[in-house]
Amino acid sequence: MAANELSILGIEQITGSDSLAFISHYVYNRIAFHILVADDSPLGYDKEQAIERDYLRRLDDLSARDDANMENQDRQTEYKKQLSVEIGKIALPTFQKLAPLSPEEPPVQSQNNEMRTVQEYLYPQDVVKLQLVTLNGHLTIIEGHHTKAEAEIKPIIREELEGVEGLESLPTFPASQARIGSRYKNGISTFEAFVEGEQYICKILSNFSRDTIVSELKALVKIEKANLDSEVRTSRLKGLITHGDGYVGFIMEKIPARFASLAPLLEGEEGEVPLPLKKMWAAQIEYTVAELRKNNIIWKDANPDNVIIDWNYCAWLVDFEEALPSRGLTRNFTGLTKAICGH
């Protein structure tokens, strides 16, 4: 791929601001671009008829629905991809102007899978900030972020993890050394990662995911302390990513996946699944959930996309972002086991 090929890195929604907003990330000619889209238009640009507000309303509507609904998750993912492409086309002339190619520029691979450190991802030094606005009824790109929406990501401090024991015994890795690649399973803050030569799955802090990252970290620490047997197949915490005096993410064991999600198997995309195999998955999930309950942990987001099938056709539970103290099995879990067995 040529150096002037536009690489689309995805959209990150922004919370904690007074307006709806998201940032669309791109790389062009080795330069990173962050395009802000916000419903509070800067002075001098169309406010009442701002076209970008349609993007924001549509994305906000999809985000506000039940996240456990797989069909809606697919719609949201597809809309983000569509949105990234549309904005990229509008911004391409600006990219070409701000990052012109040298005639001697050698071809390079697309930046989509280029490794970068967690520190470079969270706190980029060489990033060009742009904003999408409406002027005289047409979408256009202007330089700078003129609407205050993006807040610097602050590391998680120890006080936010009050009551969590055993953090001090976990390995720690500086954000400047942990390297991440492509997003894993289209997760907002989940990446494939390499740390000290080993491959892991990494979850990284963002202003959008702060509460869920803290929630999942607490659950994973509990799982490690519980000393569960090998038949309890769940995500396993392998270390913390640090920046300054706090934490900006954590790494987990990468489960060797034959299928990264149970969903396509239940939907028949991989052909007919034998009933005995489905019953085995249901039994494995029930056993894992029961053992977690004994340790006051509940797998709340029980949907097929959070079940990985490994190379031995065993079922693993992942994604404990919404893990809460156990008060019994959720209806999602009961519905999942019934869906697996087809009754």
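Within each chain, residues carry numbers counting from 1 in the order of the written sequence. Whole-chain, interface and lining totals are the exception, using all residues; otherwise, since this is a predicted model, local features are given only for residues with pLDDT of at least 70 and side-chain atom pairs are given and counted only at 80 or more. Side-chain numbers here rest on the full set of heavy atoms in the structure, without hydrogens or water.

## Section: the nonpolar core
(1) Moving on: Nonpolar cores are built from buried Ala, Val, Leu, Ile, Met, Phe, Trp, Tyr and Cys residues. Side-chain atoms within 4.5 Å join them into one set. Each residue gets one of three labels from its accessible area relative to the maximum for its type: buried under 20%, exposed over 50%, partly exposed in between, using a 1.4 Å probe on protein chains only. Core analysis: the largest hydrophobic core is formed by 64 residues, its most contacted members being Val 118, Trp 299 and Val 307.
(2) Moving on: The leading source of residues in this core is helix 4 (residues 210-225), at seven residues.
(3) Moving on: Between two residues, a contact is recorded if the distance between any of their heavy atoms is within 4.5 Å. Once residues within four sequence positions are removed from consideration, Val 307 is found in contact with Ala 260, Ser 261, Leu 262, Ile 285, Trp 299, Ala 315, Trp 316, Leu 317 and Leu 336.
(4) Moving on: If you look at the next biggest cluster of nonpolar residues, it comprises 20 residues, including Tyr 28, Ile 35, Tyr 79 and Ile 141. The helix count covers DSSP runs of H or I at least four residues long, the strand count covers runs of E at least two residues long, and both are numbered beginning at the N terminus.

## Focus on the packing of aromatic side chains
(1) Moving on: The rule is short: rings of Phe, Tyr and Trp, with Trp giving its six-membered ring, pair when the centres are within 6.5 Å, and they are stacked under 30 degrees, edge-to-face over 60, tilted in between. Throughout the structure, instances matching the rule amount to four aromatic pairs.
(2) Moving on: Taking 5.5 Å as the distance between ring centres and 50 degrees as the angle between the ring planes, the aromatic pair formed by Tyr 26 and Phe 95 counts as tilted. Placement of Tyr 26 in strand 2 (residues 21-28) and of Phe 95 in helix 2 (residues 70-98) is noted, with a sequence separation of 69 residues between them.
(3) Moving on: For the ring pair Tyr 28 and Phe 95, a centre distance of 6.3 Å and an interplane angle of 25 degrees mean the geometry is stacked. Of this pair, Tyr 28 sits in strand 2 while Phe 95 sits in helix 2, and the two are 67 residues apart along the sequence. Assigned by exposure class, Tyr 28 and Phe 95 land together as buried.
(4) Moving on: Through pairs of rings, three or more aromatic residues link up here, namely Tyr 26, Tyr 28, Phe 33 and Phe 95.
(5) Moving on: Geometrically, a charge over a ring is one whose NZ (Lys) or CZ (Arg) sits within 6 Å of the ring centre while staying within 35 degrees of the ring normal. Directly above the aromatic system of Tyr 79 lies the positively charged group of Arg 58, at a separation of 5.4 Å from the ring centroid.

## As for helix 6 (residues 275-294)
Note on helix geometry: an α-helix contains 3.6 residues per turn, so any two residues three or four positions apart are oriented the same way.
(1) Moving on: Over its 20 residues, helix 6 extends 29 Å from the first C-alpha to the last, a length consistent with the 28 Å expected when each residue adds 1.5 Å.
(2) Moving on: Among all positions of helix 6, only Lys 278, Trp 281, Ala 282, Gln 284, Ile 285, Thr 288, Val 289, Glu 291 and Leu 292 are buried.
(3) Moving on: Asn 296 sits one or two positions beyond helix 6 and adopts a positive phi of about 60 degrees. One less than the number of residues in a helix, times 1.5 Å, gives the span that helix is expected to have.

## Thoughts on the environment of Lys 279
(1) Moving on: Relative to the helices and strands, Lys 279 resides in helix 6.
(2) Moving on: Between the alpha carbons of Lys 279 and Ile 340 there is a distance of 7.4 Å; along the sequence they are 61 residues apart.

## Observations concerning the confidence of the model for the protein chain
(1) Moving on: Averaged over all residues, the pLDDT of the protein chain is 82; the fraction at 70 or higher stands at 82%.
(2) Moving on: The pLDDT value expresses, per residue, how confident the predictor is, ranging between 0 and 100. Segment residues 106-113 is flagged for pLDDT under 50; beyond a separation of four residues in sequence, or across chains, it makes 21 contacts in the model.
(3) Moving on: Contacts of residues 323-331 to residues separated by more than four positions or lying in other chains number 20 contacts, the stretch itself having pLDDT below 50.

## Here's the deal with the sheet that holds strand 2
(1) Moving on: Any two strands are treated as partners once DSSP identifies two or more bridges connecting them. Taken in spatial order, the five strands of this open sheet run 1-2-3-5-6, and their pairing is mixed. At either margin of the open sheet sits one strand with a lone partner, and together these are strand 1 (7-14) and strand 6 (138-143). Taken pair by pair, the neighbouring strands of this sheet meet at an average axis angle of 25 degrees, ignoring direction.
(2) Moving on: In the sheet, strand 1 pairs with strand 2 via seven bridges, with the strands oriented antiparallel. Each bridged residue has a counterpart across the sheet, and for Gly 10 the counterpart in strand 2 is His 25. Note on method: axes are straight lines fitted to C-alpha atoms, helices fitted across the in-contact stretch only, with angles between N-to-C directions ranging 0 to 180 degrees.

## A few points about the sheet that holds strand 7 (residues 172-174)
(1) Moving on: The seven strands lie next to each other as 4-8-9-10-12-11-7, forming an open sheet whose pairing is mixed. Unpaired on one side and paired on the other, strand 4 (116-117) and strand 7 mark the two borders of the sheet.
(2) Moving on: With six bridges joining them, strand 11 (residues 237-243) and strand 12 (residues 246-253) adopt antiparallel strand pairing. Within strand 12, the residue paired with His 243 across the bridge is Gly 246.
(3) Moving on: Relative to strand 12, helix 4 is tilted by about 55 degrees, and along the sheet it contacts strand 10 (198-204), strand 11 and strand 12.

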